[in-house]
2 protein chains.
Amino acid sequence: MKQLKERILRDGKVFPGNVLKVGNFLNHMVDPALTLEMAREIVARFDGCQIDKVLTVEASGIPLAFAVACELGVPMLFAKKAQTKNVSQNVYTARVASFTHGRDYDLVVEKEYLSAHERILVVDDFLALGNALNGLFKICSSADVEVVGAAIAIEKGFQGGGDALRARGFRIESLAIIDSMSDGTVRFRN
Amino acid sequence: MKQLKERILRDGKVFPGNVLKVGNFLNHMVDPALTLEMAREIVARFDGCQIDKVLTVEASGIPLAFAVACELGVPMLFAKKAQTKNVSQNVYTARVASFTHGRDYDLVVEKEYLSAHERILVVDDFLALGNALNGLFKICSSADVEVVGAAIAIEKGFQGGGDALRARGFRIESLAIIDSMSDGTVRFRN
């Protein structure tokens, strides 16, 4: 998606360790206009897929997932990263190793919010190794829902998570796929 | 706000310890139509206030804050609850005691995303003791921005946080204020 790629080139900052900082428009401060534009692009790509619910993971996946849910007119559900007093024991969980945080965490979704055979679109802001996405897919599998696919804002293609999931048959639509940035310059996949 | 109150009465569940569970429309699964309606009500209440940015805290404040930011056409910024590799040391922080999670955490906002004298509307899903809001206000004070006020979906009036902040001169607009629920029945303030 042209606008997103231009914005990454303009405002993204590359740091050592393959860290792309896009906090001024995607995952700390959020640009509503760009996010709504991304949501419309995602909805167009999954046109005709009869999506019942959008699933993401807190926190930075929420704005885009919410915008997609608004466009589709369906509920948005976000997996939580820790159990709180408010979350019952009646939950689906999946263990996830985090690239960003450097420590493992549990994804948690209350069972009552996913019904068998619902058609789910998974949305997230980043895809690198695919750990979070794998966790969400695992939860979807536990809940016996149908995964229509996953829509991602920025995929770090060189980390292989997206292609591994595609090889397993998942439909993964990323609005910008970065094939390299190790020299500090972001290069997109065509 | 009538629609929100009706939804709380219909779908909210009261648990011991003054816990109100509204995970099926507000803070786990999110109803986009209701959220957009709440955002329009918030924007109407702060009409003419020249808001430059919406500030919230991850995770459950994000959908409503994002919807408000969309309505206003301004950026949405969310405070993070922990430091990650992606967040530089150049941050504002505030220590917060959490009612929901039963443990303290740090609110973190990167300094570059708040500019002195910006006019900030704070948005969150819940207000109970006011700890998260106090933390956000402290960050706003550190950043020398102007707090226009705070907009909250559900205020637990009986826990006093909202009224304490009003007594200090902050404008706090809550779409539903609960005055009691200790007997399992939710009663709203008029």
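Further up the page is the structure itself.
What counts as what
- Residues numbered from 1 in each chain as written.
- Chains lettered and ligands numbered in written order.
- Predicted model: local features only at pLDDT ≥ 70, side-chain atom pairs only at ≥ 80, totals over all residues.
- Heavy atoms only, no water.
- Least-squares fit on C-alpha atoms with pLDDT ≥ 70 in both.
- Contact = heavy atoms within 4.5 Å.
- Axes fitted to C-alpha atoms, helices over the stretch in contact; angles between N-to-C directions.
- Helix = DSSP H or I, 4+ residues; strand = E, 2+ residues; numbered from the N terminus.
- Parallel < 35°, antiparallel > 145°, perpendicular 65-115°, else oblique.
- Nonpolar A, V, L, I, M, F, W, Y, C, P; charged D, E, K, R; others polar.
- Buried area = accessible area lost by both parts, 1.4 Å probe.
- Salt bridge = Lys/Arg side-chain N within 4 Å of Asp/Glu carboxyl O.
- Polar contact = N/O pair within 3.5 Å; in protein donor to acceptor, adjacent residues only side chain to side chain.
- Buried < 20%, exposed > 50% of the residue type's maximum accessible area, 1.4 Å probe, protein only.
- Pairing = 2+ DSSP bridges.
- Right-handed = clockwise from strand over helix to strand, strands pointing away.
- Core = buried A, V, L, I, M, F, W, Y, C linked by side-chain atoms within 4.5 Å.
- Phe/Tyr/Trp six-rings, centres within 6.5 Å; stacked < 30°, edge-to-face > 60°.
- Expected span 1.5 Å × (residues − 1).

(A) Geometry of the relation of the copies chain B and chain A. Overlay of chain B on chain A (RMSD 0.0 Å): rotation 180 degrees, translation along the axis 0.0 Å. The symmetry that links the two subunits is that of a two-fold axis. Closest to the rotation axis within chain B is the C-alpha of A59 of chain B, separated from it by 2.5 Å. With an isologous cut-off of 70% or more, the 100% of interface residues of chain B that recur at the interface of chain A puts this contact in the isologous class.

(B) Representation of the packing of helix α3 (residues 62-72) of chain A against helix α2 (residues 32-45) of chain B in the model. At a minimum axis separation of 9 Å, α3 of chain A and α2 of chain B run at an interaxial angle of 105 degrees. Taken together, the axis directions place α3 of chain A and α2 of chain B in an arrangement best described as roughly perpendicular. Residues F66, A69 and C70 of chain A of α3 of chain A form the contact with α2 of chain B, whose own contacting residues are P32, T35 and L36 of chain B. Taken together, the residues of the contact of α3 of chain A with α2 of chain B break down into 5 nonpolar, 1 polar and no charged.

(C) Examining the interface of chain B and chain A more closely. Contact residues are listed per partner, giving 42 residues for chain B and 42 residues for chain A. Carbon and sulfur atoms make up 66% of the area that chain B and chain A hide from each other, which totals about 3600 Å². The salt bridge partner of K21 of chain B is E112 of chain A, with a shortest N-O separation of 3.1 Å. There are 14 residue pairs in polar contact (both at pLDDT 80 or more) connecting chain B and chain A. Of all the secondary structure elements, the ones that give two or more residues to the side of chain B that touches chain A are β2 (19-21), β3 (29-30), α2, α3 (62-72), β5 (76-79) and β7 (104-110) of chain B.

(D) Region of the structure containing the pairing of strand β10 (residues 172-180) of chain B. All names here are of chain B. Most of β10 is tucked away, with 7 of its 9 residues classed as buried. Strand direction decides the pairing type here: strand β9 (residues 146-156) and β10, joined by 6 bridges, are parallel. Counterpart to I154 in the pairing with β10 is A176. Taking the sense of rotation as the criterion, the β-α-β connection linking β9, helix α5 (residues 161-167) and β10 turns out right-handed. Both β10 and strand β11 (residues 187-188) contribute to a ladder of 2 bridges, which runs antiparallel. In the strand pairing of β11, S180 is matched with R187. Hairpin remark: β10 followed by β11, antiparallel, with 6 residues in the connecting loop; positive phi at G184, about 95 degrees.

(E) Focus on the nonpolar core. Counting residues in hydrophobic clusters, the biggest one holds 80 residues, and the most contacted among them are L4 and I154 of chain A together with L4 and I154 of chain B. Non-local contacts of I154 of chain B, meaning those with residues more than four positions away in its chain, are made with L4, I8, L20, V22, L26, D125, F126, L127, A176 and I178 of chain B.

(F) The arrangement of the sheet that holds strand β5 (residues 76-79) of chain A in detail. Overall, mixed pairing links the 7 strands, which are arranged β11(A)-β10(A)-β9(A)-β8(A)-β4(A)-β5(A)-β3(B) in an open sheet. With partners counted over all chains shown, the strands left at the sheet margins are β11 (187-188) of chain A together with β3 of chain B, one partner each. In this structure, strand β4 (residues 53-57) of chain A lies alongside strand β8 (residues 119-127) of chain A, joined through 3 bridges in parallel fashion. Bridge pairing links K53 of chain A to I120 of chain A in β8 of chain A. Contacting β4, β5, β8 and β9 (146-156) of chain A together with β3 of chain B, α3 of chain A runs over the sheet at an angle of about 175 degrees to β4 of chain A.

(G) Region of the structure containing the environment of G169 of chain A. On the secondary structure map, G169 of chain A appears in the loop between α5 (161-167) and β10 (172-180). Sequence separation between G169 of chain A and R45 of chain A is 124 residues; the distance between their C-alpha atoms is 17 Å.

(H) Local environment of the packing of aromatic side chains. This model, assessed by the stated rule, comprises 3 aromatic pairs over all chains. Measuring from ring centre to ring centre gives 6.2 Å for F66 of chain A and F66 of chain B, while their planes differ by 85 degrees; the resulting arrangement is edge-to-face. In this pair, F66 of chain A is assigned in helix α3 and F66 of chain B in helix α3, connecting two distinct chains. Take F66 of chain B: its relative accessible area is 1%, and that puts it in the buried class.

(I) A look at helix α4 (residues 131-143) of chain A. Residues and elements named next belong to chain A. Given a rise of 1.5 Å per residue, 13 residues ought to cover 18 Å, and the 18 Å separating the end C-alpha atoms of α4 matches this to within 8%. Of all the positions in α4, only A132, L133, G135, L136, F137, I139, C140 and A143 are classed as buried. In the stretch just after α4, D144 is the one whose phi turns positive, near 60 degrees.

(J) Inspection of the pattern of salt bridges at higher detail. All names here are of chain A. In the structure shown here, the tally under the stated rule is 40 salt bridges over all chains. Between R189 and D163 there is a salt bridge, and its shortest N-O distance comes to 3.1 Å. Taken together, the positions of R189 in the segment after β11 and D163 in helix α5 put the pair 26 residues apart, joining distant regions of the chain. Via salt bridges that share partners, E155, D163, R166, D179 and R189 belong to a single interconnected network.

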